[in-house]
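# Overview (structure and organization)
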Amino acid sequence: MDNPFSTETLNAPTSLLYEVGYDTARLKWNHQFDHVAPVSFEVLFEESSRFDQGEFRTGGSTEAFFTTPNDLVPNSTAYKYTVRAVYDEAGQMYYSDYTALSAEFLTVDLAVPADLSSSEETIDAFRATWSAVDYQGLGSSGDYMVQYATQADWSDSVNVLVSGATEVLLDNLSKSTTYYYRVKGLFKEYASAWSSTKQAQTLGLHSPDPSTVTVDLTFNSMQLNWGLVADATAYRLAIYEESDYSDEPVVLELSANAYLLQSLQPGTYRHFRLYSRFGNEYSDVPTAFAAQTLFFGQPMPPAVVGNDYTLISLNWPTVSAGEFEAENYTLYWSQTNDLSAAVAIPVYGNNQTITALTPESAYYFWIQAHYQGHSSPISEVREGFTKTLEIPLITGSNSTKPDEIILSWSMVPYSNAYELEYSTDENFNTDVNVLNVSGNTYTFNSLKKNTTYYFRVRGIFEGNRSAYSVVKEQATIDLPTPENLREKAVDFYSMEVEWDAVTPVTSYTLYISGTANNASATPVSIPSGQTRYLISDLSPGTDRFFRIRANHNAETSEVSAEIKLSTLILVEPTGLKLENAQYNAIDASWEAVNLANEYELQWATDNNFSSPKSVTLSASSLAHTITDLDPNQPYFVRFRAKVGGYYSQFSGIEQLNTSALALPVIAAGDNITASGFRANWAASGMGYETEYEIWLGKVPLLGENRP
């Protein structure tokens, strides 16, 4: 804005100066004050040609130590700056022009380390050293980057950072190799130029001298020894089985100049390649040699010198190898001519008996000699045989029960158990059952009644079995059907049946039904010692049908013929008579009803007995006078027999009328007065009257029975 202090233009700073380091610059300028001193100076700073690196105010100072936000870039990087004055008048800011020309400068180059050299060359390392470089007072504590390679174009280079030192040991290198190496200084994130390139040479390595190699042999080991090699810190031994080294070797890294190869078979060849080692480097051309362990020749096969049902005895000639005689042997045996499946037995001496064998079987045997852990080849095979187990003979069989057969057989040598087979199929193709027993007799139960069975037996000795005996045939007996199923007792409410006992029997099954020949009759199990059965809580005249069969364990007899039982009933009464009809009574009598213990006598004034009266009489009463009847009234009478709560049918109905009452005889009145008289009459003579009705004119009056 316009200059408030004068009409002249505000003075711009002049005489721009600077002091430059690796990554810093101290900027200075001169300024001639106008009317008042400027509040601050505004500095524009840039790299190269653009004012885009920063803008800041310095206050009233005419210099600024400038690093930009992250320091300047060293190594001849170009920068420039310009300045203008800033005034403040009552909070209003005024600016001068920028300096006419900006100051330009270059940052300082980082120094390159010098005096690079190598020392301490070994097979896999050398030491590089150089002179220290002081970066703004850091001295020898600065950082360096060392680079090395085997190619002059640095295509396979490796960088190593070194802090606070001016030397480094470059190791894990290849032997007999020329290396290129160089160094540069590091300052913050910047680096100097590389130093001049130097070369260093690692040393070579030789294999052990073949003339120093020795091998001490035994039956199963090789002790290898060789002379020391200068500079070697270890050795590599490659062990091959093939003489042309075509197989995959066993490779060993050894710290000593000796090795014991053990656990070999006698007569084993091994081929060796031996290298010297220093660090990770090995000699180029190995020392090659071979050796073979001592060995026995192949023994003669063992001879069979004895046999039995379960054992075979063998012996064989003593096996020797020069001055070495076998200390022990391994005897192999198998039931097949297959050595891989054989059982191995260690033997001290030259004979052995194999036991627990299978009778009547072929066995195969091989022998192998040993000396202090060294073994001969295995001999050819020898075959031997065990004897045959004798076959038992079935000596007897018997059946006394429908589900049982007792079998016996002869004992045979060596058999400590027997295997029994039985079947209803004489060829033993179906329905075959197998049992193992320890004695020479066995009771078969749970068999089928009236069935033919076939039996055979063979001996067992320690899991071995003889052939089967001759087949024995035996039939079980039939189970008899209970007979004479009959009535034991019957009354009105129960019935009891009984039957003849049969043997053998474990229980009876009684079938009870309300209808004849009922396939769904209710079965009742009866214990074997019981031959009768009671059914109670029935009604008189109830029918029940019975059949029975015998049981022996799981076997049953045929079912018996069916019988019918019925509970008793009271017959319809007969012989009812009515007589001696009176004004109020009738005499009734009847014939006795068999089995009745009471009678019920009923009477009514209608033959439908809609409102009957009744009386219950004991079985000894065969007559009764019915009283309290009405005179001159027809009465209908019937009766029925009774047992407990059970009644018979009613008898036929009888009818009889009661007699009518006789007329009283009126006598002459007396005691006649002006207002009345006394009436007199004679009683009928029946003796039943209890009161009289008197009529005077047409009005009835009550009177009393007066003779």
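All figures in this text were calculated on a predicted structure; none of them were measured in a lab.

Rules behind the numbers
Residues numbered from 1 in each chain as written. Predicted model: local features only at pLDDT ≥ 70, side-chain atom pairs only at ≥ 80, totals over all residues. Heavy atoms only, no water. Helix = DSSP H or I, 4+ residues; strand = E, 2+ residues; numbered from the N terminus. Buried < 20%, exposed > 50% of the residue type's maximum accessible area, 1.4 Å probe, protein only. Contact = heavy atoms within 4.5 Å. Polar contact = N/O pair within 3.5 Å; in protein donor to acceptor, adjacent residues only side chain to side chain. Pairing = 2+ DSSP bridges. Axes fitted to C-alpha atoms, helices over the stretch in contact; angles between N-to-C directions. Phe/Tyr/Trp six-rings, centres within 6.5 Å; stacked < 30°, edge-to-face > 60°. pLDDT = per-residue confidence, 0-100.

This brings us to the environment of Y329. As for its position among the elements, Y329 is in strand β29 (residues 328-334). According to the relative accessible area criterion, Y329 is buried, its value standing at 3%. Apart from the residues within four sequence positions on either side, Y329 is in contact with W316, P317, T318, V319, I345, P346, V347, G349, I367, Q368, A369 and H370. Polar side-chain contacts of Y329 include one of 3.0 Å to the backbone nitrogen of V319.

With respect to the helices and strands, the residue K401 is situated in strand β35 (residues 394-401). Remark: the alpha-carbon pair of K401 and L447, spanning 46 residues in sequence, is separated by 9.5 Å. Excluding residues that lie within four positions of it along the chain, K401 makes contacts with T476, I477, P504 and H552.

Bringing the sheet that holds strand β10 (residues 126-129) into the picture now. If you walk across this open sheet you meet the three strands as β9-β10-β13, and the pairing is antiparallel. At either margin of the open sheet sits one strand with a lone partner, and together these are β9 (117-119) and β13 (167-170). Taken over all neighbouring pairs, the strand axes of this sheet differ in orientation by 25° on average, direction set aside. Judged from the three bridges that link them, β9 and β10 form a sheet pairing that is antiparallel. Its bridge partner lying in β10, S117 is registered against T129.

Going through the model one piece at a time under the given rule, you end up with 24 aromatic pairs. Ring centres of F126 and Y179 lie 6.3 Å apart, and the angle between their planes is 45°; on these two criteria the pair is classed as tilted. One end of the pair, F126, is in strand β10; the other, Y179, is in strand β14 (residues 178-187), and 53 residues separate them in sequence. Judged by its relative accessible area of 0%, F126 is buried. We classify Y179 as buried; its relative accessible area is 5%. Between F126 and Y181 the ring centres are 5.3 Å apart and the planes differ by 50°, which places this aromatic pair in the tilted class.

What follows concerns the sheet that holds strand β36 (residues 404-409). In sheet architecture, strand pairing relies on hydrogen bonds along the backbone and comes in two forms, parallel and antiparallel. In spatial order, the strands read β35-β36-β39; together these three strands make up an open sheet with antiparallel pairing. Both edges of this open sheet fall to β35 and β39 (441-444), since each of them pairs with a single strand only. Neighbour-to-neighbour, the strand axes of this sheet turn through a mean angle of 15°, independent of strand direction. Pairing analysis gives four bridges linking β36 to β39, with the strands arranged antiparallel.

So, about the pairing of strand β19 (residues 234-240). Every other side chain in a regular strand lies on the same face of the sheet, so the side chains alternate between the two faces. Counting buried residues in β19 gives six out of seven residues, a clear majority hidden from the surface. Summarising the sheet, β19 and strand β22 (residues 269-278) pair through seven bridges and their orientation is antiparallel. The partner of R236 across the bridge, within β22, is Y275. As defined by bridge partners, β19 adjoins strand β20 (residues 250-254) across five bridges and the pair is classed as antiparallel.

Bridge analysis of strand β17 (residues 214-217) against strand β18 (residues 222-225) gives four bridges, and the strand direction is antiparallel. Considered in β18, the bridge of T214 is made with N225. Counting the residues between successive antiparallel strands, the hairpin from β17 to β18 contains four residues.

This part covers the confidence of the model for the chain. Residues with a pLDDT of 70 or more make up 88% of the chain, whose mean pLDDT is 86. Note that pLDDT drops below 50 for residues 48-54; the model gives that stretch 20 contacts with residues more than four away or on any other chain.

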